[in-house]
Amino acid sequence: MSELDLDALIDDPSTRIVVTCGSGGVGKTTTAAALGLRAAERGRKVVVLTIDPARRLAQSLGLTELDNTPRAVAEVNAKNGGRLDAMMLDMKRTFDDVVLQHATPEKAEQILANPFYQALSSSFAGTQEYMAMEKLGQLHKQAERTGEWDLIVVDTPPSRSALDFLDAPERLASLLEGRFLRLLLAPARGPFKLMSAGVNMAMSVLNKVLGAQVLTDVQTFVAAFDTLFGGFRQRAEQTVALLREPHTSFLVVAAPQNDALREASYFAERLRAEGMPLAGVVLNRVTNTQAPELSAERSLAAAEKLEEADKSPLTAAVLRLHADKMQQVVGDHKRAERFRRGHRSIRTVEVPALADDIHDLAGLRRIGELLTA
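As the structure is a prediction and not an experimental result, all values here were calculated from the model.

**Quick word on the overall build of the chain**
Part 1: Across its full length, the chain carries 16 helices and eight strands.
Part 2: Buried residues in the chain amount to 48% of all 373 residues.
Part 3: The long-range share in the chain, meaning contacts at least 24 apart out of those at least 6 apart in sequence, stands at 77%.
Part 4: Surface accessibility of the chain: about 18,100 Å² in total, with carbon and sulfur atoms responsible for 52%.

**Things to note about the environment of Val349**
Part 1: Take Val349: it is sitting in strand E8 (residues 348-352).
Part 2: A relative accessible area of 2% places Val349 in the buried class.
Part 3: With 68 residues separating them along the chain, Val349 and Val281 place their C-alpha atoms 6.6 Å apart.
Part 4: When near neighbours in sequence (up to four residues on either side) are disregarded, Val349 contacts Glu3, Leu4, Leu6, Val281, Val282, Leu283 and Leu371.

**Considering the sheet that holds strand E5 (residues 151-155)**
Note: strands within a sheet are paired through backbone hydrogen bonds, in either parallel or antiparallel orientation.
Part 1: Spatially, E3-E4-E2-E5-E1-E6-E7-E8 is the arrangement adopted by the eight strands of the open sheet, whose pairing is mixed. Here the strands that pair on one side only, and so sit at the sheet edges, are strand E3 (71-72) and E8.
Part 2: Bridge count for strand E2 (residues 45-50) against E5 is five bridges, and the pairing is parallel. Bridge pairing in E5 links Thr50 to Asp155.

**Describing the side chain of Arg44**
Part 1: With respect to the secondary-structure elements, Arg44 resides in the loop between helix H2 (28-41) and E2.
Part 2: Here the side chain of Arg44 touches Asp150 through a polar contact of 2.7 Å, landing on its backbone oxygen.
Part 3: When sequence neighbours within four positions are dropped, the list of residues in contact with Arg44 reads Ile10, Asp11, Asp12, Pro13, Thr15, Arg16, Ala39, Gly82, Arg83, Asp150 and Leu151.

**Regarding the nonpolar core**
Part 1: In this structure, Leu243 and Phe250 are the most contacted members of the largest nonpolar core, which totals 52 residues.
Part 2: In terms of residues, this core owes the most to one element, helix H7 (residues 127-146), which gives seven residues.
Part 3: With residues near it in sequence (within four places) discarded, Leu243 still touches Val19, Met133, Leu136, Leu166, Thr248, Phe250, Met276 and Pro277.

**A few points about a positive patch on the surface**
Part 1: Side chains of Lys334, Arg338, Arg341 and Arg344 sit close together on the surface and give a patch of like positive charge.
Part 2: Tracing the sequence through the fold places Lys334 in helix H15 (residues 313-342).

**Description of the confidence of the model for the chain**
Part 1: Residues at a pLDDT of 70 or more form 80% of the chain, whose mean pLDDT is 82.
Part 2: Averaged pLDDT values over the elements of the chain bottom out at 45 in helix H10 (residues 196-210) and peak at 97 in helix H1 (residues 6-11).
Part 3: Low confidence marks residues 187-203, where pLDDT is under 50. Its contacts with residues over four positions away, or in another chain, come to 14 contacts.
Part 4: Long-range and interchain partners of residues 205-211, a stretch whose pLDDT sits below 50, account for seven contacts in this model, where long-range means more than four residues apart.

**Notes on the environment of Leu243**
Part 1: Among the structural elements, Leu243 can be located in helix H12 (residues 229-244).
Part 2: C-alpha separation for the pair Leu243 and Leu166, spaced 77 residues apart in sequence, amounts to 9.5 Å.

**Considering unusual backbone geometry**
Part 1: With a phi close to 60°, Arg285 is a non-glycine residue in the positive phi region.
Part 2: Mapped onto the elements, Arg285 comes out in strand E7 (residues 278-286).
Part 3: Residue Ser312 is not a glycine yet carries a positive backbone phi of 45°.
Part 4: Mapped onto the elements, Ser312 comes out in the loop between helix H14 (296-308) and H15.

**So, the pattern of salt bridges**
Part 1: As enumerated under the stated definition, the model contains 16 salt bridges in all.
Part 2: Across the salt bridge formed by Arg44 and Asp150, the nearest N and O atoms sit 3.0 Å from each other. Linking Arg44 in the loop between H2 and E2 with Asp150 in the loop between H7 and E5, this pair joins segments that are 106 residues apart in sequence.
Part 3: A salt bridge links Arg340 to Glu350, with the shortest nitrogen-to-oxygen separation between them at 2.4 Å. One end of the pair, Arg340, is in helix H15; the other, Glu350, is in strand E8, with 10 residues separating them in the sequence.

**Some points on the packing of aromatic side chains**
Part 1: The full count for this structure, using the stated rule, is one aromatic pair.
Part 2: Aromatic pair Phe95 and Tyr117: ring centres 5.2 Å apart, planes at 75°, arrangement edge-to-face. Placement of the pair is Phe95 in helix H4 (residues 91-102) and Tyr117 in helix H6 (residues 115-123), with a sequence separation of 22 residues. Grouping residues by exposure puts Phe95 and Tyr117 together as buried.

**Overview of the packing of H2 against helix H16 (residues 361-371)**
For any two helices packed against each other, the geometry is given by the interaxial angle and the distance between the axes.
Part 1: H16 packs onto H2 with a crossing angle of 90° between their chain directions and a minimal axis gap of 8 Å. Judged by the inter-axis angle, H2 sits roughly perpendicular to H16. Packed against H2, whose contacting residues are Thr30, Thr31, Ala33, Ala34, Leu35, Leu37, Arg38 and Glu41, the element H16 presents Leu361, Leu364, Arg365, Ile367, Gly368, Glu369 and Leu371 at the interface.
Part 2: When the residues that make up the contact of H2 with H16 are grouped by side-chain class, the tally is eight nonpolar, three polar and four charged.

Cut-off values and rules
- Residues numbered from 1 in each chain as written.
- Predicted model: local features only at pLDDT ≥ 70, side-chain atom pairs only at ≥ 80, totals over all residues.
- Heavy atoms only, no water.
- Helix = DSSP H or I, 4+ residues; strand = E, 2+ residues; numbered from the N terminus.
- Buried < 20%, exposed > 50% of the residue type's maximum accessible area, 1.4 Å probe, protein only.
- Contact = heavy atoms within 4.5 Å.
- Areas by Shrake-Rupley, 256 points an atom, 1.4 Å probe, with all protein chains shown as cover.
- Pairing = 2+ DSSP bridges.
- Polar contact = N/O pair within 3.5 Å; in protein donor to acceptor, adjacent residues only side chain to side chain.
- Core = buried A, V, L, I, M, F, W, Y, C linked by side-chain atoms within 4.5 Å.
- Patch = residues over 30% accessible without salt bridge, like charges linked within 9 Å, V, L, I, M, F, W, Y side chains within 5 Å.
- Salt bridge = Lys/Arg side-chain N within 4 Å of Asp/Glu carboxyl O.
- Lys, Arg positive; Asp, Glu negative; His and termini not counted.
- Charge placed at Lys NZ, Arg CZ, Asp CG, Glu CD.
- pLDDT = per-residue confidence, 0-100.
- Phe/Tyr/Trp six-rings, centres within 6.5 Å; stacked < 30°, edge-to-face > 60°.
- Axes fitted to C-alpha atoms, helices over the stretch in contact; angles between N-to-C directions.
- Parallel < 35°, antiparallel > 145°, perpendicular 65-115°, else oblique.
- Nonpolar A, V, L, I, M, F, W, Y, C, P; charged D, E, K, R; others polar.

Written out as structure tokens, the structure is:
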């Protein structure tokens, strides 16, 4: 078992992309922001891409808002020559940009006005994860072309499973290239013209299930979108290849709770199976205490004695609170140690839980110090 040296990771000029991932509520956004800030103040030109709908990142970075365009974080200490930009994914705007970039003006107008497309680009399961990958690919190309950034930090979407980020491009590309949608084009082209009776029967069933207007909207969308199908598959493959390259590093963030650690374990194994570079695991929000020598058992025994003697009720209450905290401390450290023993080849770093939420650059700097202590 070895410690994860995050300063060495972000200082290495060959590190071009850092992806933070893990289950929901473990601190991915804060970790991404803190690492981006620390890297910038150590001399890197950084852009942080977040997909966090709570907008905590904007507040922590001192910005009134984040949107689909990178914005400079003005109060970064730039004495080492670094800079920090931040942005929040707007999945519909990113999808719109893809359409505008890869379709003719006439086709783009048809697609953007289509009700089925509007639903797909706003709320279809997996669209957010796919568009995060699209935006990552766009940022990487822009960085290579302009030299504007030398490090991209990605905060992955708050999905039910951390694996969704890797699976979404393939799922969405498969949907858009799938047999069902292509069947909707059958009456108009290809060998299906020779089987119009069977196709018409299928369309009649679909019409009853979906409704005439929905079916018409889907057919119109597919007809207009047809020329873009191959591009989705190609860009998905390019982004996945980008994530496998040595200049990319994945950080799995986990809280010391059984569910989060199981998810971290599964994701770490998945990354290895996919040939994607895992830098290590951040064990975040681990409970610590300033009085470790006073165990929960001793604290409870002392509280009981005071209560039996009807003395110092306030002291007894404090002792019971300490006992509760010590039980949490012991539990957190046992679970973290069990994870390390089960994954001896994976580097880890432990970050203690803080009393207050992070809401400004000073707080992010503190997290950066704890991540690299």
